[in-house]
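Chain by chain, the residues:
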2 protein chains.
Amino acid sequence: MAKPDTEAKPDPGTGAKTPRERYRAQVREEIKDRAWEQIATAGASALSLNAIAKQMGMSGPALYRYFAGRDELITELVRDAYRSLADALRAAAADGADLARLAHALRDWALADPHRYFLVYGTPVPGYHAPADTTAIADEIVALLLDACTALLPAGATTPLGAHLQEHRTWAEGHPAPPAALQLAMNLWTRLHGALSLELAGHFTGMGFDPARYFAAELDGLPASGR
Amino acid sequence: MAKPDTEAKPDPGTGAKTPRERYRAQVREEIKDRAWEQIATAGASALSLNAIAKQMGMSGPALYRYFAGRDELITELVRDAYRSLADALRAAAADGADLARLAHALRDWALADPHRYFLVYGTPVPGYHAPADTTAIADEIVALLLDACTALLPAGATTPLGAHLQEHRTWAEGHPAPPAALQLAMNLWTRLHGALSLELAGHFTGMGFDPARYFAAELDGLPASGR
DNA sequence: GAGCTTCCGTGATACCCTCTAACTAATTCT
DNA sequence: AGAATTAGTTAGAGGGTATCACGGAAGCTC
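Each residue is numbered by its place in its chain's sequence as written, counting from 1. To label them, take the chains in the order written and letter them from A, then take the ligands in the order written and number them from 1. At least 70 in pLDDT is required for a residue's local features to be given in this predicted model, at least 80 for side-chain atom pairs to be given and counted, and no such filter applies to totals for whole chains, interfaces and linings, which use all residues. Side-chain numbers come from the whole structure's heavy atoms, not from hydrogens or water.

## A closer look at the interface of chain B and chain A
Reports often express the size of an interface as the amount of accessible area lost when the parts come together.
Working step 1: Residues are treated as being in contact if the distance between any of their heavy atoms lies within 4.5 Å. Contacts between the two partners involve 39 residues from chain B and, on the opposite side, 39 residues from chain A.
Working step 2: Buried area counts how much accessible surface, traced with a 1.4 Å probe, disappears from two parts once they are put together, with both parts' losses summed. Both sides together, the interface formed by chain B and chain A hides about 3700 Å², and carbon and sulfur atoms give 63% of it.
Working step 3: Should a side-chain nitrogen of Lys or Arg be within 4 Å of a carboxyl oxygen of Asp or Glu, the pair is scored as a salt bridge. Counting across the interface, chain B meets chain A through two salt bridges.
Working step 4: Here a polar contact means two N or O atoms within 3.5 Å. Within protein one must be a hydrogen donor candidate and the other an acceptor candidate, and residues neighboring in sequence count only if both atoms are side-chain atoms. Applying the counting criterion to the chain B and chain A interface returns 27 residue pairs in polar contact (both at pLDDT 80 or more).
Working step 5: Put simply, the parts of the chain that give the side of chain B that touches chain A at least two residues each are α5 (114-121), α7 (160-167), α8 (179-200) and α9 (211-220) of chain B.
Working step 6: The classification used treats Ala, Val, Leu, Ile, Met, Phe, Trp, Tyr, Cys and Pro as nonpolar, Asp, Glu, Lys and Arg as charged, and all other residues, Gly among them, as polar. Here the side of chain B that touches chain A is composed, by residue class, of 20 nonpolar, 14 polar and five charged. Secondary structure is summarised from DSSP: a helix means a run of H or I of at least four residues, a strand means a run of E of at least two, and numbering begins at the N terminus for each.

## Quick notes on the UniProt feature "DNA-binding region" (unreviewed entry) in chain A
Working step 1: The positions UniProt marks with the feature "DNA-binding region" (unreviewed entry) are residues 48-67 of chain A.
Working step 2: For residues 48-67 of chain A, the helix share is 35%, the strand share is 0%, and the end-to-end C-alpha distance is 13 Å. UniProt positions are given in the numbering used here, feature names are shortened, and annotations may be inferred rather than shown by experiment.

## A short note on empty space enclosed by the protein
Working step 1: Of the two site types, the cavity is a set of points on a 1 Å grid over the protein atoms alone where a 1.4 Å probe fits but cannot get out, and the pocket is an open set with protein on both sides within 12 Å along at least five of seven lines, each lined by residues with an atom within 4 Å of a point. Grid points are joined across faces, edges and corners, and a volume is the space filled by probe spheres set on the points. Applying the stated criterion across every chain, the model contains four cavities of 30 Å³ or more.
Working step 2: Lining the largest cavity are 14 residues, with B:Leu89, B:Leu106, B:Ile141, B:Leu145 and B:Trp189 sitting closest to its centre.
Working step 3: For the lining of the largest cavity, the secondary-structure elements that each account for two or more residues are α3 (70-94), α4 (99-112), α5, α6 (132-152) and α8 of chain B.
Working step 4: Here the lining of the largest cavity gets four residues from one element, more than from any other, and that element is α8(B).
Working step 5: For the lining of the largest cavity, the per-class residue count stands at 13 nonpolar, one polar and no charged.
Working step 6: Taken as a whole, the second largest cavity encloses approximately 60 Å³ of empty space.
Working step 7: Lining the second largest cavity we find A:Phe118, A:Tyr121, A:Gly122, A:Thr123, A:His193, A:Ser197, B:Phe118, B:Tyr121, B:Gly122, B:Thr123, B:His193 and B:Ser197.

## Looking at the domain arrangement of chain A
Residues and elements named next belong to chain A.
Working step 1: Assigned domains of chain A: these are domain 1 (13-67) and domain 2 (79-220).
Working step 2: Using C-alpha coordinates to define each centre, domain 1 is positioned 30 Å away from domain 2.
Working step 3: With eight residues of domain 1 at the contact, the number on the domain 2 side is six residues.
Working step 4: Sorting the residues of domain 1 by area buried against domain 2 places Trp36, Ile39 and Ala40 first, and these three jointly supply 67% of that buried surface.
Working step 5: With a shortest N-O distance of 2.8 Å, Asp80 and Lys32 are connected by a salt bridge.
Working step 6: There are one residue pair in polar contact (both at pLDDT 80 or more) connecting domain 1 and domain 2.
Working step 7: Here the side of domain 1 that touches domain 2 is built from residues that sort into five nonpolar, two polar and one charged. Domain extents, as shown, originate in an automatic or database domain assignment.

## A closer look at the relation of the copies chain B and chain A
Working step 1: In the superposition of chain B on chain A (RMSD 0.1 Å, axial shift 0.0 Å), the rotation amounts to 180 degrees. The superposition of one copy onto the other is thereby described by a two-fold rotation axis. Minimal C-alpha separation from the rotation axis in chain B is found for B:Gly194, amounting to 1.8 Å.
Working step 2: Here 100% of the contact residues of chain B are again contact residues in chain A; the copies associate through an equivalent surface. A least-squares superposition brings the copies together, and it is based on the C-alpha atoms of residues with pLDDT no lower than 70 in both.

## A word on the protein's contact with DNA strand C
Working step 1: Here a residue is near a molecule or strand as soon as one of its heavy atoms is found within 4 Å of it. Inspection of the region around DNA strand C gives 21 residues, with A:Leu49, A:Arg70, B:Tyr23, B:Arg65 and B:Tyr66 positioned closest.
Working step 2: Within the side chain of A:Ser48, a nitrogen or oxygen atom sits 3.2 Å from a phosphate oxygen of DNA strand C.
Working step 3: At the level of elements, α1 (19-42) and α2 (49-55) of chain A together with α1 (19-42) of chain B are the ones that each hand at least two residues to the surface near DNA strand C.
Working step 4: No other element matches α2(A), which puts four residues into the surface near DNA strand C.
Working step 5: For the surface near DNA strand C, the per-class residue count stands at eleven nonpolar, four polar and six charged.

## Describing the packing of aromatic side chains
Working step 1: Any two rings among Phe, Tyr and Trp, with Trp reduced to its six-membered ring, count as a pair given centres within 6.5 Å; such a pair is stacked if its planes are under 30 degrees apart, edge-to-face if over 60, and tilted if neither. Enumeration according to the criterion identifies 18 aromatic pairs over all chains in this entry.
Working step 2: Residues B:Phe204 and B:Tyr214 carry aromatic rings whose centres are separated by 6.3 Å and whose planes lie at 75 degrees to one another, so their mutual orientation is edge-to-face. Taken together, the residues span a long stretch of sequence, with B:Phe204 in the loop between α8 and α9 and B:Tyr214 in helix α9 at a distance of ten residues. B:Tyr214 carries the same exposure label as B:Phe204, and that label is buried.
Working step 3: What links up through ring pairs into an aromatic cluster is the set A:Tyr82, A:Trp109, A:Tyr117, A:Phe118, A:Tyr121, A:Trp189, B:Phe204, B:Phe209 and B:Tyr214.
Working step 4: Remark: a charge is flagged as sitting over a ring if the NZ atom of Lys or the CZ atom of Arg is within 6 Å of the ring centre and within 35 degrees of the ring normal. The ring of A:Trp171 is capped by A:Arg169, whose NZ or CZ atom sits 6.0 Å from the centre of that ring.
Working step 5: It is B:Arg107 that lies over the ring of B:Phe215; its NZ or CZ is 5.5 Å from the centre. Between buried and exposed lies partly exposed: a residue is buried under 20% and exposed over 50% of the maximum accessible area for its type, with that area taken using a 1.4 Å probe on protein chains only.

As structure tokens, this is what we get:
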């Protein structure tokens, strides 16, 4: 108790941690992996700490050494999902800010694991509230879209809705996007989400048409690339 | 609910339903009412047969006399939700087929009980598969949209995407909508759903702008009313 | 109205889940 | 080596779904 920490917490950057911390991080990672498996097959609502523990050969309550509870695990997964999406979009935007590239990166990411998409953009979980740091990542995602939209439009471009968005804007503040770019980014987001989420939820099954084609058409019809 | 289902279980000979059947229907109705209360406050995933039973003053397993299980209750609620939406839209379409009226009826219906909207158009429940008769109501809803869209467009109107939709169409077959109307209906559906579901899920909170205005703008921007 | 039948509601039970608490055993620190 | 920390265990409270056998009330028939 009386000791100052002479204890080694020395190299926060390199990952040279104590064995305990290494082990701990490793187990946490395995837990999350199993959790993703469960989510991928049965959705987030079916996630069971107990089942994960058994799968890992240990018994129930042991997991509470690693996560305070189911909610914290889910929070962590949401965080990872956001980060993963941000990474995917950033990678797509790396070689040229192109709406189409961005859009298809989004669709590919969603199709790769639909339940992961729903974890982020789906029906909100009753008690759950996203912590500040995940909304920060969400902001980054929006900023990526804004970048691409801004690049497509003349500097002062504006629209009626764009003006409204500009006037009451408390998001991505500091980003020099013209009003029309705000609208374009919003349209990109909500329209692609509309098409994608209905497709993933299975509402298109049995209708006969090709969801990819519909998605592409929605992309083409965006107010900036079309006209 | 207000409607005493008139001849749902016709009893030839006596004409009136037996007291048993009346009672049974009444209890089923009360169970569903309580279920809707729970859903409205905590979402479908928090629905508990046990809690409903206790709330009604009877003990757990009694409910299994009325519903085979949680899934059947939810199925019934989904069915009712679909029917309720179809009614709302039909009422809106009754006095003039107008996309705006339809759209705002949809939004009002969704805002009245967001969890009900998500029950129908949200993240799919893991094990749950919609029975044929709910998809029939879903078809009716689509048909309502199609009617309104058809009324707005010239008889043979077509678009590239519309042609594709027409060519691989296994929905609302028999409806004499021109290809362009198919596309318009799809756009109406997916775009409004995109804006609405993100709003209801809380993804717009903290962004500052007015969701109603955004929704209205999306409606205005539809490929038929705009140009 | 007596008797038969049908159906409602109950308690007991099995099996899931989350999560807490007390205890043991291993690991690490001094 | 001894002390402190921490991982993992079992036990158990509390809640959920769902099945079962039973008692009793309601309806139906004569």
